[in-house]
Amino acid sequence: MKQNTIERKEQKRPKRGYGLDKYYEEERIEREKKEAKNKKKKIKKRIFLCLKILIALIILGIIGIFLFFKTSLFQKYKEIWVQTAMTTMNHQYLATWFLSDEEIAEIMKSLEVENNENSNSENIVVEKPKEEKKITVEKITGKGYVGYVMTVPDATKVKLVDGRQKRKRFKTK
C-alpha cells in the first residue's frame, strides 16, 4: 500500500526545473486541507463527547433525585432535608418541589417534640461534681512526641511569664 502511494507521488513529481516548486506548493496546500478536515473532525468529536457527558450527568441527576425523594433508601436524609427547608423562611420551595404537602406534613409531624405537662421537674436534682483544688501534671507520650499536661482548677491563678526577660519582674495584685 505504501509503495503504491510513493510510486504515484513520484510519477506526479517533475524531475527537474521550475515545475518542482509548483509541485511542492500543491502538496502543501493538500496537506493543509487535510489538517483542516482533521481539525474539524476533532472539534466535532469533542463537542459530541461533551454532549454525551452532559446528558449522562443529567440522567444521573434525575435518577438520584428520584431515589432520594421517592424511595425509602434515604429516609433519614429526606427528613433532614424537609425539616431544614421548611424551618427556613426563604427556601421552602426546596421541599415543595419534590414532595407533596401530605408527605411534608407527615414528616414534620414525626419530627415534633411532645411536651408532656405532667412531668415533675422539681424532683430532678443535678449534683455538681466536687472540684479538686489540686494542680496535676501528667506526662503524655505518642509516636514522635513527649509532653506534659497541667490541669489547673482555678484559671485566675495562672500567670504568663517570659523566662527570657530575667531583670523584669511582674507584680502580683
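As a reminder, the structure under discussion sits directly above these lines.
Read on for an overview of the structure.

1. With respect to the nonpolar core
With eight residues, the main nonpolar core is built from F68, F69, V82, A85, A95, L99, I104 and I107. Counting only elements with at least two residues in this core, the list comes to α2 (19-70), α3 (75-87) and α5 (101-110). Not counting chain neighbours up to four residues away, the residues in contact with V82 comprise A95, L99, I104, I107 and M108.

2. Section: the side chain of E79
Topologically, E79 is positioned in helix α3. Here E79 is in contact with I107 and L111, once residues within four sequence places are set aside.

3. So, the pattern of salt bridges
Following the criterion strictly, the structure yields two salt bridges and no others. Two residues, R28 and E32, come together in a salt bridge whose shortest N-O distance is 2.6 Å. Here E32 and R28 lie together in helix α2, a separation of four residues that amounts to about one turn. Through salt bridges with shared partners, a single network forms among E25, R28 and E32.

4. What about a positive patch on the surface?
Among the surface-exposed residues, K33, K34, K37, K40, K41, K42, K44, K45 and R46 lie close enough to one another that they form a single positively charged patch. Mapped onto the elements, K40 comes out in helix α2.

5. So, the packing of α3 against α5
At a minimum axis separation of 10 Å, α3 and α5 run at an interaxial angle of 95°. When the axes of α3 and α5 are compared, the pair comes out roughly perpendicular. Contact residues: K78, E79, V82, Q83, M86 and T87 in α3; I104, I107 and M108 in α5. Looking at the contact of α3 with α5 residue by residue, the class counts come to five nonpolar, two polar and two charged.

6. As for the pairing of strand β1 (residues 136-142)
Pairing of β1 with strand β2 (residues 145-151) involves seven bridges; the strand directions are antiparallel. Its bridge partner being in β2, V137 is matched across the sheet by M150. In this antiparallel pair of consecutive strands, β1 and β2, the connection spans two residues, and G144 shows a positive phi of 95°.

7. So, the environment of K134
If you trace the backbone, K134 turns up in the loop between α5 and β1. With a relative accessible area of 58%, K134 lands in the exposed category. Note: C-alpha distance between K134 and T151 (17 residues apart in sequence) is 8.5 Å. Excluding anything up to four places from it in sequence, K134 contacts T151 and P153.

Rules used throughout
- Residues numbered from 1 in each chain as written.
- Predicted model: local features only at pLDDT ≥ 70, side-chain atom pairs only at ≥ 80, totals over all residues.
- Heavy atoms only, no water.
- Core = buried A, V, L, I, M, F, W, Y, C linked by side-chain atoms within 4.5 Å.
- Buried < 20%, exposed > 50% of the residue type's maximum accessible area, 1.4 Å probe, protein only.
- Helix = DSSP H or I, 4+ residues; strand = E, 2+ residues; numbered from the N terminus.
- Contact = heavy atoms within 4.5 Å.
- Salt bridge = Lys/Arg side-chain N within 4 Å of Asp/Glu carboxyl O.
- Patch = residues over 30% accessible without salt bridge, like charges linked within 9 Å, V, L, I, M, F, W, Y side chains within 5 Å.
- Areas by Shrake-Rupley, 256 points an atom, 1.4 Å probe, with all protein chains shown as cover.
- Lys, Arg positive; Asp, Glu negative; His and termini not counted.
- Charge placed at Lys NZ, Arg CZ, Asp CG, Glu CD.
- Axes fitted to C-alpha atoms, helices over the stretch in contact; angles between N-to-C directions.
- Parallel < 35°, antiparallel > 145°, perpendicular 65-115°, else oblique.
- Nonpolar A, V, L, I, M, F, W, Y, C, P; charged D, E, K, R; others polar.
- Pairing = 2+ DSSP bridges.

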